[in-house]
Protein chains: 2
Amino acid sequence: MARSGYFHGDLRRALLDAGLEAARSDGPEGVSVRELARVAGVAPSAVYRHFEGHDELLFELALRAQSMVADAMETELALVPSGDRRAWADGAIAATGIGYIRFAWQEPGLFRLAFRTRGDLEAAHDERGRGACGRTPYEQLELALDALVEVGELTEQERAGAEALAWSAVHGFAVLTVEGPLRSLDAQTREAFAVRIVEMVRLGLAQCAGTRA
Amino acid sequence: MARSGYFHGDLRRALLDAGLEAARSDGPEGVSVRELARVAGVAPSAVYRHFEGHDELLFELALRAQSMVADAMETELALVPSGDRRAWADGAIAATGIGYIRFAWQEPGLFRLAFRTRGDLEAAHDERGRGACGRTPYEQLELALDALVEVGELTEQERAGAEALAWSAVHGFAVLTVEGPLRSLDAQTREAFAVRIVEMVRLGLAQCAGTRA
DNA sequence: CACGCGTGTGAACGGCGTTCACATTAGCGC
DNA sequence: GCGCTAATGTGAACGCCGTTCACACGCGTG
């Protein structure tokens, strides 16, 4: 299956690799069918043997990027001490949030690829968005919410709202700092704000439970 | 200045109007130089007599859309009873947030145009993004923060963080419901979540002050 | 060995943003 | 009123893009 002059060998993988590399430096806008073909040393039309078109190509790349996000979250998650389950849940929410945000800072191009608006955000629920940790970014947060439900801190009915709350704050902050007006914040301030964001989420979740009691 | 066969009369305005209309139905992706020229009944090259290029055209349109957001926020803001200044501040934060989110729901195309990633989000601070109410969307929120500072609920140092907090949650929720995984939420649930978002923001702001005391 | 099917090619189509030489005309000084 | 200038619109062209299609190649199977 080696490169035999005419056949490439593993063009699909080569294209995906080139795509991630392009997105890493230039964001999703930098991913074009023709450019990837050029990098892979192949005619543009060859791309269509492996992908339906530009949209599917970007979708597939977004899945890969999302799995990287999930793994970044996993890294933070692993640092949470696993003694008390209730305390772990709080720590896990903060950790997944921080992991998400940090990934956005470290790999803005890939982050924008992963959570590119208009279609790819829903890919976050796609099976194929799982990382090496075996979970999608969303499932990483759900892990923490599961713990809260388990401990009785949250009811099943409140889960959906709690999830929306957490994602909104974290994703919003990530977006604003990566490509928004908060882009020019220095690293230290940014970190401090990020901590406050996840603390706000914790308060918000507690309040979800509070309105019930 | 009427249409005289050769000259258009007010091409710039016609192009902006066509652009807003295109964005309203198809989002910012639907705004192309050639398409707007077509609608205005003019050659594509004529557009360049009035705009530097596609980017500036979209930027200018984003400013218009943002001024509409500011006015939508103003509408909600006007409903806040102006008795106690402290209570007003709380109400104002919720109102501006809700106004922002509601605009996103009512005009998803224009919302995406206004806060399109990669460049336009910073236009939110541009003078020309002011609406009929005389303020930009950001300044609408700042109005509420001003009140909090005035009442002594927030220090000047805490303001930047407080603003980031509020925008992150509100913008994040708007994005997720307009073009994200929360898109399919029914109107009632959406409203309930929106209320919880702004309540979370209120808690977050209170906590900003709380860490100081 | 032959054949089929998966894979890559090359040329082409229409659309895009953009440029440039050129045509038209409004407004202004005389 | 006349002619000049600067502003505005034209048309053709360039190079990019995504996409399609008839065709060429060669690996694996029968």
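1. Some thoughts on the interface of chain B and chain A
Quite often, the size of an interface is put as the accessible area lost when its parts meet.
Piece 1. Between chain B and chain A, the residue contacts involve 30 residues of the former and 31 residues of the latter.
Piece 2. Counting residues per element, the ones that place at least two in the side of chain B that touches chain A are helix H7 (156–179) and helix H8 (187–210) of chain B.
Piece 3. Considering every element that reaches the side of chain B that touches chain A, the biggest residue donor is H7 of chain B, with 12 residues.
Piece 4. In the side of chain B that touches chain A, the residues fall into 16 nonpolar, nine polar and five charged.

2. What about the relation of the copies chain B and chain A?
Piece 1. You can overlay chain B on chain A at an RMSD of 0.0 Å; the transform is a turn of 180° with a shift of 0.0 Å along its axis. Such a combination of rotation and displacement between the chain copies is what one expects of a two-fold axis.
Piece 2. Residue by residue, 100% of the interface of chain B is reproduced at the interface of chain A, so both copies engage with the same surface.

3. Overview of the domain arrangement of chain A
Residues and elements named next belong to chain A.
Piece 1. Along its sequence, chain A is carved into domain 1 (11–49) and domain 2 (65–210).
Piece 2. A straight line from the C-alpha centre of domain 1 to that of domain 2 covers 30 Å.
Piece 3. On the domain 2 side, the residues contacting the six residues of domain 1 number six residues.
Piece 4. Here the side of domain 1 that touches domain 2 is composed, by residue class, of two nonpolar, two polar and two charged.

4. Some words on helix H7 (residues 156–179) of chain A
Piece 1. When the terminal C-alpha atoms of H7 of chain A are compared, their 35 Å separation across 24 residues agrees well with the 34 Å that a helix rising 1.5 Å per residue should span.
Piece 2. With 18 of 24 residues buried, H7 of chain A lies mostly within the body of the structure.

Conventions we followed
- Residues numbered from 1 in each chain as written.
- Chains lettered and ligands numbered in written order.
- Predicted model: local features only at pLDDT ≥ 70, side-chain atom pairs only at ≥ 80, totals over all residues.
- Contact = placed C-beta atoms within 7 Å.
- Helix = DSSP H or I, 4+ residues; strand = E, 2+ residues; numbered from the N terminus.
- Nonpolar A, V, L, I, M, F, W, Y, C, P; charged D, E, K, R; others polar.
- Least-squares fit on C-alpha atoms with pLDDT ≥ 70 in both.
- Domains from an automatic or database assignment.
- Expected span 1.5 Å × (residues − 1).
- Buried ≥ 20, exposed ≤ 12 C-beta atoms within 10 Å, placed from the backbone.

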